[in-house]
Amino acid sequence: MSRIGRMPIAIPAGVTVDIAENNKVTVKGPKGTLERVLPAEMEIKVEGAEIVVSRPNDLKKMKSLHGLTRTLINNMVVGVTSGYEKKLEVNGVGYRAAKAGKKLTLNLGYSHPVEMDDPEGVETVVEGQNVIIVKGIDKEKVGQFAAEIRDKRRPEPYKGKGIKYADETIRRKVGKTGKK
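Because the structure is a prediction, the values reported are computed rather than measured.

Caption draft 1: Spotlight on the sheet that holds strand E10 (residues 114-117). Pairing is antiparallel in the open sheet, where three strands are placed in the order E8-E9-E10. Two strands close off the open sheet at either side, each with one partner strand: strand E8 (96-100) and E10. On average, each strand axis in the sheet is inclined to that of its neighbour by 20 degrees, with strand direction left out of account. Relative to E10, strand E9 (residues 103-107) is paired through four bridges, and the arrangement is antiparallel. Opposite Leu104, over in E10, you have Met116 as the bridge partner.

Right, dumping it as structure tokens:
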């Protein structure tokens, strides 16, 4: 039995969960509303203040969908209550980030500044000149946009210049040494 899949999801106060046909789950909470169509084979029920996900049989596909479905619903519930955020650090001489309206401008050593618009449901905040915080209620969108920002200049292994996640450690390499 899926250990994650069989765990019930507690519904916190102030959150409403609706399950329509074709397993369209809508979660409303203090921070907003999220909806998602989940695999139709899974059986999703609201029992009191809990959501229970069960699978019809023990086929490999159903086993893998079981834990996934439960986790997706749990991420939606956490998103509408506390939200998600990813922290990015910009390292390097002359590398900086600035925010104007919904536009994030990055100076990353290219001949031009890189400009990015916040996608729907995601907000970026710049702290100082080198910390970017990506916030939102949808875990997938927050992670995706943070990855897109990081892709503009990935950290390099020699000096550690580039954009990295705050909790990421960069494997450093030793540079070449002079001839004797």
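Caption draft 2: Spatial organisation of the pattern of salt bridges. Taken as a whole and assessed by the stated rule, the structure comprises 11 salt bridges. Between Arg36 and Glu140 there is a salt bridge whose closest N-O contact spans 2.9 Å. Separated by 104 residues along the polypeptide, Arg36 in strand E4 (residues 32-37) and Glu140 in helix H2 (residues 139-151) bring together distant segments of the chain. Between Lys61 and Glu41 there is a salt bridge, with its nearest N and O atoms 3.9 Å apart. Note that Lys61 is positioned in helix H1 (residues 60-81) and Glu41 in the loop between E4 and strand E5 (43-47), a separation of 20 residues in sequence. Three or more residues are tied together by salt bridges with common partners; here these are Lys103, Glu115 and Asp117.

Caption draft 3: Spatial organisation of the side chain of Lys164. Note that Lys164 resides in strand E13 (residues 162-165). Among the polar contacts made by the side chain of Lys164, one reaches the main-chain carbonyl oxygen of Glu168 at a distance of 3.3 Å. The contacts of Lys164, once residues within four sequence positions are left out, are Lys87, Leu88, Glu89, Asn91, Pro155 and Ile170.

Caption draft 4: View of the layout of surface pockets. If you add up the space inside the largest pocket, you get close to 150 Å³. Contributing to the lining of the largest pocket are Leu34, Glu35, Arg36, Leu72, Asn75, Met76, Ile137, Asp138, Lys139 and Glu140. Elements with a minimum of two residues in the lining of the largest pocket: E4, H1 and H2. For the lining of the largest pocket, the per-class residue count stands at four nonpolar, one polar and five charged.

Caption draft 5: Seen up close, H1. Its 22 residues give H1 an end-to-end C-alpha distance of 33 Å, which sits within 8% of 32 Å, the value for a rise of 1.5 Å per residue. Within two residues after H1, Gly83 carries a phi angle of roughly 80 degrees, on the positive side.

Caption draft 6: The arrangement of the packing of aromatic side chains in detail. Following the criterion strictly, the structure yields zero aromatic pairs and no others. Taking the ring centre of Tyr110 as reference, the NZ or CZ of Arg153 above it sits at 4.3 Å.

Caption draft 7: The arrangement of the pairing of E13 in detail. Of the two faces of E13, both are covered, the one formed by Gly162 and Lys164 as well as the one formed by Ile163 and Tyr165. Pairing of strand E7 (residues 84-91) with E13 involves four bridges; the strand directions are antiparallel. If you follow Glu89 over to E13, its bridge partner there is Lys164.

Calculation notes
- Residues numbered from 1 in each chain as written.
- Predicted model: local features only at pLDDT ≥ 70, side-chain atom pairs only at ≥ 80, totals over all residues.
- Heavy atoms only, no water.
- Pairing = 2+ DSSP bridges.
- Helix = DSSP H or I, 4+ residues; strand = E, 2+ residues; numbered from the N terminus.
- Axes fitted to C-alpha atoms, helices over the stretch in contact; angles between N-to-C directions.
- Salt bridge = Lys/Arg side-chain N within 4 Å of Asp/Glu carboxyl O.
- Polar contact = N/O pair within 3.5 Å; in protein donor to acceptor, adjacent residues only side chain to side chain.
- Contact = heavy atoms within 4.5 Å.
- 1 Å grid on protein atoms, 1.4 Å probe; cavity = no way out; pocket = protein on both sides within 12 Å on 5 of 7 lines; lining within 4 Å.
- Points joined across faces, edges and corners; volume = space filled by probe spheres on them.
- Nonpolar A, V, L, I, M, F, W, Y, C, P; charged D, E, K, R; others polar.
- Expected span 1.5 Å × (residues − 1).
- Phe/Tyr/Trp six-rings, centres within 6.5 Å; stacked < 30°, edge-to-face > 60°.
- Lys NZ or Arg CZ within 6 Å of the ring centre and 35° of its normal.
- Buried < 20%, exposed > 50% of the residue type's maximum accessible area, 1.4 Å probe, protein only.

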